[in-house]
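# Survey of secondary and tertiary structure
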Amino acid sequence: MRADVRLRVNARRPVASSLLVEARLAGVPVEWCDDGDAALVVDGERRSLALPDPVELRDAVVTAAVGSLLACVDPPPESAECVVLAPAAGLCGPSGQGPIDAVVLGDLIRRRYRFGHASVPMVARVVTVQHTRCWTVLGTAIGTPARPPVWRPVPPVVLLPPVAGRDTASATQYLHETESAELSRQVAVLREPEATGDGTLRFAAVFGDGAYLGDWLKDLVRDASGVAT
Amino acid sequence: MSPAFRLAVLGMGVIGKRVVHVVGRQPGLELVGVAVRSASIAVHAQPHLPYYTTGTGAPALRAVGIEPRGRLEDLLEQVDAVVDCGPARSGAQRFPHYRRVGVRSLFCGGERSPDLGPLVSPALNYQAAVGAASLRLTSCNSTALARVVAALGAENVAEVNATVLRCGTDTDKANKGITDGAVVSAGDSHHAADLEQLVPGLIGRSQAVTLPMVSGHVIQVRLRLRRAVPADDVRAALHAVPRISLRPPDEVMDTAVIKACQAGRGRRWRDRYELVMRLDPPQSADTVTGWLSLDNEAIIIPELLDVVRAFSGSTDPAVARSTTDDGLSIRPRPAGSSGW
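My aim in this report is to walk through the structure given alongside it, one point at a time. What you see is a predicted model, and the numbers here were worked out from it, not measured in a lab. (Residues numbered from 1 in each chain as written. Chains lettered and ligands numbered in written order. Predicted model: local features only at pLDDT ≥ 70, side-chain atom pairs only at ≥ 80, totals over all residues. Heavy atoms only, no water.)

### A word on helix α9 (residues 190–198) of chain B
If you check which residues of α9(B) are buried, you get B:His191, B:Ala192, B:Asp194, B:Leu195 and B:Leu198. All buried residues of α9(B) lie within an arc of 160° about the axis, which places them on one face of the element. (Buried < 20%, exposed > 50% of the residue type's maximum accessible area, 1.4 Å probe, protein only. Helix = DSSP H or I, 4+ residues; strand = E, 2+ residues; numbered from the N terminus. Arc of directions from axis to C-beta.)

Right, dumping it as structure tokens:
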């Protein structure tokens, strides 16, 4: 018989916001707690949860989002460079702590993506800012003048209308307004990327951390309940 | 069955879009159309609503693929009342038009002019709305304070002293607001005057401070009662109101956390209609002090619907309130329940 699985959430933990959304999307009932850490409650028995490591989460979220964006570049670029503005505390939603009127330089993220036969190295500099709505990436896909890149968006990448592409307040508000999908599931491009004569294509986009947390939660619930969710 | 009460909404801003969302889902109410002047984010995201234009808004809507059904004048011919959610304190420009065509009007923009009708907070003066041709709804902070006064009984409250810590801007705006610092307004804010209008004989004092935040307003409130009341009775009175979520006195109040945790409730825009309140330990038997946390973009919606019901002929405030609460899923909370 399928186990009854609930998510016990400490409302004061920064990850609570995204976890709540993902739990609701997955149909997992939520129990509130005012102290202690998150836990799964399986048939009434509480099992402690180790929340995702912040560095692991950061790397996974950025890698996935940038990979989605580079997949829209045709032909695949020779390399890519990005600056990522990370939300305070490294998570979308309430931040237990974060910079005030300052930016914090983080480590480089180096990845190599494969698109068909192409191998694309990417370097991203993460900067933590006083901002909690979303992650923001400013990237450059570097190609060659002989084969200028073209932007061809594929899901989960979407292009925002001009009215929503001015700033992250407009962008995240628009995604909440459309309600077609939670911010956490999309990579929303702020303006139509254009290639310049030197073969580079610049893009700016926002994304959330819910996709990573959602997959993490689903795996946990599946393992706990003994059936696929 | 009585015909539905037909409504127009002017504006699709922070308040207007919420009114549009709830009106269409309430029994006995019908959204006939929405009048806008531009293709804002909310308009762009909901292109299928019945739009009408004001000013020169038609080309802007057509540019994004929306064909307006007519102008505001055309819309007003089809409705019983208009909910005016235009820019703050701009209602006086439109009121003469509403009056000329004989459409009842409800202003949401923190209007100050008494020419637009009485100031109404339905928990305190519902009957003022029943026969009114036009009225003004209290602002978000005044609505919050009015809820508390009403819960304790307006006749029991002698004085209200409030310090309002308010957001620097709305959640959909990035180009205005205080980036750093606190701005303390000069003189009294309007909130005290609002309460004095709603409850004749009540003494009000209020000041406002604007801060770089968007997670909702906070109010530090002190009420002097006309007689000593046991603390347990105060708590019971507040707890009895479903629109007030009373928190334990030793709980940290983090407005960003409160806001974020609305994500689990499934309401549109993660709206919070309930006022979160935390009482301080009683200093004397005739004084109530505490903190209020409100969703400045959504808190007026329940009271707005109450007033619309008054407009539509519902003369019993308790019935209007329970109908609204049912429609918005505002439920009584068991004592000691966690979560907001």
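Moving on from the model shown.
### What about the pairing of strand β7 (residues 104–115) of chain A?
Residues and elements named next belong to chain A. Pairing between β7 and strand β8 (residues 118–128): 10 bridges, direction antiparallel. Bridging from a neighbouring strand, Phe115 pairs with Ala118 of β8. The turn linking β7 back onto β8 is made up of 2 residues, and Gly116 within it adopts a positive phi angle of 65°. (Pairing = 2+ DSSP bridges.)

### What about the packing of helix α1 (residues 16–23) of chain B against helix α12 (residues 300–311) of chain B?
Residue and element names in this part refer to chain B. One can describe the packing of α1 onto α12 by two numbers: an axis separation of 11 Å at closest approach and a directional angle of 55°. With respect to each other, α1 and α12 are oriented oblique. Crossing of α1 against α12: the hand is right-handed. In contact with Arg18, Val19 and Val22 of α1, α12 contributes Ile301, Leu304 and Leu305. Tallied by class, the residues present in the contact of α1 with α12 amount to 5 nonpolar, no polar and 1 charged. (Axes fitted to C-alpha atoms, helices over the stretch in contact; angles between N-to-C directions. Parallel < 35°, antiparallel > 145°, perpendicular 65-115°, else oblique. Left-handed = near helix turned anticlockwise from the far one by under 90°. Contact = heavy atoms within 4.5 Å. Nonpolar A, V, L, I, M, F, W, Y, C, P; charged D, E, K, R; others polar.)

### Structural notes on the side chain of B:Thr287
All names here are of chain B. Within the fold, Thr287 resides in strand β14 (residues 287–294). Judged by relative accessible area, Thr287 falls into the buried class, the value being 10%. In this structure the side chain of Thr287 is engaged in a polar contact, spanning 2.9 Å, whose partner is the side chain of Ser284. A distance of 3.2 Å separates the side chain of Thr287 from the side chain of Asp286, its partner in a polar contact. When near neighbours in sequence (up to four residues on either side) are disregarded, Thr287 contacts Arg222 and Leu223. (Polar contact = N/O pair within 3.5 Å; in protein donor to acceptor, adjacent residues only side chain to side chain.)

### A word on the sheet that holds β14(B)
Residue and element names in this part refer to chain B. One open sheet holds the 7 strands; their spatial order is β9-β10-β8-β11-β14-β13-β12, and the pairing between them is mixed. Each of the sheet's edge strands pairs with one partner strand only, and the pair in question is β9 (183–184) and β12 (244–247). Examined bridge by bridge, strand β13 (residues 275–279) and β14 share 4 bridges and lie antiparallel to one another. Counted as the bridge partner of Arg278 is Trp291 from β14. Taken strand by strand, helix α8 (residues 140–152) contacts β8 (157–167), β11 (217–225), β12, β13 and β14, and its axis lies near 35° from that of β11. Along the sheet, helix α10 (residues 231–239) makes contact with β12, β13 and β14, crossing β12 at roughly 140°.

### Re the pattern of salt bridges
What the rule picks out here adds up to 24 salt bridges over all chains. A salt bridge links A:Arg222 to A:Asp223; the shortest N-O distance between them is 3.5 Å. Classification of A:Arg222 as partly exposed rests on a relative accessible area of 34%. For B:Arg243, the salt bridge goes to B:Glu303, with nearest N and O atoms at 3.6 Å. Of this pair, B:Arg243 sits in the loop between α10 and β12 while B:Glu303 is found in helix α12, placing the two residues 60 residues apart along the sequence. Owing to a relative accessible area of 3%, B:Glu303 belongs among the buried residues under this scheme. Three or more residues joined by partner-sharing salt bridges are found here, namely B:Arg147, B:Arg243, B:Glu303, B:Asp306 and B:Asp325. (Salt bridge = Lys/Arg side-chain N within 4 Å of Asp/Glu carboxyl O.)

### Section: the environment of B:Arg104
Residues and elements named next belong to chain B. Looking at the secondary structure, you find Arg104 in strand β5 (residues 104–107). In this structure, the C-alpha to C-alpha distance between Arg104 and Ala162, residues 58 residues apart in sequence, is 33 Å. Dropping the residues within four chain positions of it, Arg104 is found in contact with Asp80, Ala81, Val82, Ala129, Val130, Gly131, Ala132, Ala133 and Phe311. Within the structure, Arg104 has its side chain in polar contact with the backbone oxygen of Phe311 (distance 2.7 Å).

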